[in-house]
Amino acid sequence: MPSLPARNHAHFPVARRRLLGLGVGAVAAAATGAAAGSPAAGSPGRGRFESSGFALLGDTQIDVDIPDRTERVRWVYEQIAAANPPVVCHVGDIVEHGSVAEYDAYLSTIPATLRSRIRHVPGNHDWRWDSTAGERYGSLFGPSRYSFDFAGMHFVALDPSHLLQEPGGFGEPGIRWLKRDLDRVAPGVPIVLFCHFPFGGDNYYVSDQERLLAEFDRYNVRAVFAGHVHAEQVQRFNGVTQLAVDDTRGTPIYYWVERTAEPDGPVLRVSAVQRGADGNAQSRPVLDIPLAGPRMAAEQRPRAISLAPAGAALGVSVRLSRHAQPASVQAQLYPQHTYGLKDAGQWQEMSADAVGRRFTGALDIATLPPGEHRMTVRVTDPDGAWYEQTRTFALPDTGRRLRWRKQLGAPVQAGLAARDNLLVAATTDGTVIGARPAGRGLNECWRTRIGPVHGRPAFSPDGETVYLPSDDHRLYALDPATGRPRFSYDAGAPVLGSPLVTTVAGRTLVVFAAGATRQAIDAHTGAVVWAVTGQGMFAGRAASEGTRVYAGAGDGNVYAHDAHTGTVLWSFSTNARTTAYSRLIYGPWADTLEILPNGLVLVSTVADAFALDPATGQPRWSVTGSYIYAPKLLLDDGDVVMFDDGKRTAARVDPATGQARWTASLGARPVSTGAAIHRDVAWTPTTTGLLIALDLTTGSVRTRLQLTTAAYCYSPPVVIGDMLIVGDQDGRLHGIDVG
């Protein structure tokens, strides 16, 4: 069973959930089987609750090392309990990093009578770092995406999050799930979405948000409630009103949302309730959200958008309806390499024709590489609401490097390995294939199914076995020729990172982390050699020279283990932080450790990289930078190529001193991707889909190609012959000719 909670509540009977994550209307709907959006589904519970209002909050981020937060959240829930709403919606970042202690502290803040009414969605903090936290979330709150009916409205909880990563993406399967749900909603029923990440405008937290916005045209979506930005923010676009709530972690605040009848139709009246200086609750109005009548900015929707790339310019033509009365029509290139941030953009005003129905302009594309790209048109009405629409366009790949694509159906987050002209590719839904690349495609040799894979597979030294880590608590050993299992080992917790295959005293071992344990098993039989615990989670890959095993940990330390017994020989603290959460995020929790040619152990965090003495753990040199995520490249001459995610650079480094021989700008973040070498060129896919070829001698950029737009790339690439293979979060494999 996958470690992350199932995302459709049909998988969980009501008894299984113990009603912890359900509001009363949803409980009744689940029990009666009423159709979504029908009056019967929204009516139960009104004998107990007179109000048609509900409470809303987010970003509580409980941290047991910061007790003031717990006190603030407790005050908020006491106020909500006193108001006695039928439903409470929490828009995510419930706790700081998903530990048992944090969830226990969070639950302690909620009055017992209120617990069954709270509907949660996860944020990037709740399970990003550890899939055991995802299991914990599921056991407490149920699925991460679901829907329910209340007060004549249809509510949908959205979850675009990606394990191990901060931003998210829906993917086509996520949008299909949403469409199936909304297709069941009766005409005229207002739809309310709630999600941790806000969308549209200056929000760039979800890679494919245009897929969601496109569905606003088909369905009666009226409101979006979100969090994440730690500030109250109201935006009106594409016919919806979006409220990003202020964070409860910093301010004792929640929002009261009441369905109210007005002369022009029903509205959701939103007020903020906050603790004042005198300790009492104070309320202030925030906004009204219309639930009926014309949707804001609907008339401003473009009837046609034409794009014409020509040389250094992209010609843009926008045709509006005869009823449109725009205050402005603007266009911009989509900020493709803005990753999980706000971005005000670089909007250009378009010029109107004589009747004000067609608007034209040109965008500068001189610096764009060949490949796929996006642009956005925004039409703003006199009241400040706008309609935005994103379109794709392509610039010719004159070198015809991109030869083929193959869809695997789920994200390829790290699951690529290659040996003897065979590709093994694994996805986060557990699909695994063995295939051989051809000039125009991929010849699939076999296909099998295991648990979800988020780490890289690893081959045995003789190439006769490939080992795959899985969130289903197992390490799988497969025959790479057939895909048949040699054995599967129950590790007792999710195996999230990548396995290390190493030789110790003539015996081949597979070393990996499972939850808070470090384990070594016999590579041929799966028999346990040693297991140790107590260092916290680890989602990276260990290193070994045969005498010791070196691994990072979620407690901020690096540990050296006796390779024969697992006994801890020394530890090194990578940071001076003092809270459990800060030691985790500033530690080597996801690093791919390496043994340098001079024997030093290279380990990285988001702040520094250290070369440690293998016998003592003392640092020989260190460099500042965020080198933790992308695997390093060890070159034949002993140098190492390191990728600084924060500065968006790659550097060729002297392993004796840490000094860079050259540093190259990538222009985009290489989160987790690293590079693959082919004929003295490091082919580096960045997280936002830009492929860069770096000359290893000079650090100069030889070529660039934009592979993806709506899908992030996290998987390190592989090379087979003259074919580079890259995976993405849309489940696609890309075959690029690098010959």
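As a reminder, the structure under discussion sits directly above these lines.
Now for a description of the structure that goes with this document. All chains use their own residue numbering, which begins from 1 and follows the written sequence. A pLDDT threshold of at least 70 governs which residues receive local features in this predicted model, and a stricter bar of 80 or more applies before side-chain atom pairs are shown or counted, although totals over entire chains, interfaces and linings include all residues. Here the side-chain values reflect all heavy atoms present in the structure, with hydrogen atoms and water set aside.

## With respect to the nonpolar core
The tendency in soluble globular proteins is for nonpolar side chains to be buried as a group.
Then step 1. What makes a nonpolar core is a set of buried Ala, Val, Leu, Ile, Met, Phe, Trp, Tyr and Cys residues whose side-chain atoms join them at distances within 4.5 Å. Note on exposure labels: buried denotes an accessible area under 20% of the residue type's maximum, exposed denotes more than 50%, and partly exposed covers the range between, all computed with a 1.4 Å probe on protein chains only. Y77, I80, V88, Y106, F141, Y254 and W589 are the most contacted members of the largest nonpolar core, which has 43 residues in total.
Then step 2. By definition, any uninterrupted DSSP run of H or I lasting at least four residues is a helix, any uninterrupted run of E lasting at least two residues is a strand, and each is numbered from the N terminus. If you list the elements that add at least two residues to this core, you get β1 (53-57), α4 (67-83), α5 (100-108), α7 (131-141), β11 (253-262) and α10 (580-585).
Then step 3. Ranked by residue count, the leading element in this core is α4, at five residues.
Then step 4. If you look at the next biggest cluster of nonpolar residues, it comprises 28 residues, including F54, M153, A223 and L268.

## Quick look at helix α8 (residues 171-182)
Then step 1. Here the expected span of a helix is defined as 1.5 Å times the quantity of residues minus one. The end-to-end C-alpha distance of α8 is 17 Å, a good match for the 16 Å that 12 residues give at a rise of 1.5 Å each.
Then step 2. Every buried residue of α8 is accounted for by G171, G174, I175, W177, L178, D181 and L182. Here the buried residues of α8 occupy an arc of 155° about the axis, which is enough to place them on one side.
Then step 3. Contact partners of the buried residues in α8: β4 (146-150), β5 (153-157), β6 (191-194) and α9 (209-215). To be clear, the arc concerns the directions from the helix axis to the C-beta atoms. In what follows, a contact means two residues having at least one pair of non-hydrogen atoms within 4.5 Å.

## Overview of the sheet that holds strand β3 (residues 118-120)
Then step 1. Here a strand pair is declared whenever DSSP counts at least two bridges between the two strands. Pairing is mixed in the open sheet, where six strands are placed in the order β3-β2-β1-β11-β12-β13. Unpaired on one side and paired on the other, β3 and β13 (281-290) mark the two borders of the sheet. For this sheet, the mean angle separating the axes of adjacent strands, direction not counted, is 25°.
Then step 2. Two elements, strand β2 (residues 88-90) and β3, share three bridges in a ladder whose sense is parallel. By the bridge assignment, V88 is partnered in β3 with I118. Geometry is summarised by axes, namely lines fitted to C-alpha atoms with helices restricted to the contacting stretch, and by angles between N-to-C directions that run from 0 to 180 degrees.

## Overview of the sheet that holds strand β29 (residues 466-469)
Across a sheet, strands are paired by hydrogen bonds formed along the backbone, either parallel or antiparallel in direction.
Then step 1. The strand order across the open sheet formed by four strands is β28-β29-β30-β31, and the pairing between neighbours is antiparallel. Each end of this open sheet is capped by a strand with a single partner; those strands are β28 (458-459) and β31 (485-490).
Then step 2. Sheet topology note: the strand β30 (residues 474-478)/β31 ladder contains five bridges and is antiparallel. Bridge pairing links L475 to Y489 in β31.

## Thoughts on the packing of aromatic side chains
Then step 1. When two rings of Phe, Tyr or Trp (its six-membered ring) have centres within 6.5 Å they constitute a pair, described as stacked for plane angles under 30 degrees, edge-to-face for angles over 60, and tilted for the intermediate range. Within the structure shown, the criterion is met by 24 aromatic pairs.
Then step 2. Judged by centre distance (6.3 Å) and plane angle (75°), the rings of Y146 and F194 are edge-to-face. Within this pair, whereas Y146 is found in strand β4, its partner F194 is found in strand β6, the two being separated by 48 residues in sequence.
Then step 3. By relative accessible area, Y146 is classed as buried at 3%.
Then step 4. F194 gets classed as buried once you look at its relative accessible area, which sits at 1%.
Then step 5. Between F572 and F610, the ring centres sit 5.1 Å apart and the planes meet at 70°, which makes this aromatic pair edge-to-face. Within this pair, whereas F572 is found in strand β39 (residues 568-573), its partner F610 is found in strand β42 (residues 608-612), the two being separated by 38 residues in sequence. The residues F572 and F610 share a single accessibility class, namely buried.
Then step 6. Pairwise contacts between aromatic rings join F54, Y146, F148, F150, F155, F194 and F225 into one cluster.
Then step 7. Definition used: whenever NZ (Lys) or CZ (Arg) falls within 6 Å of the ring centre and also within 35 degrees of the ring normal, the charge is taken to sit over that ring. One residue, R275, lies across the ring of W75, its end atom 5.4 Å from the ring centre.

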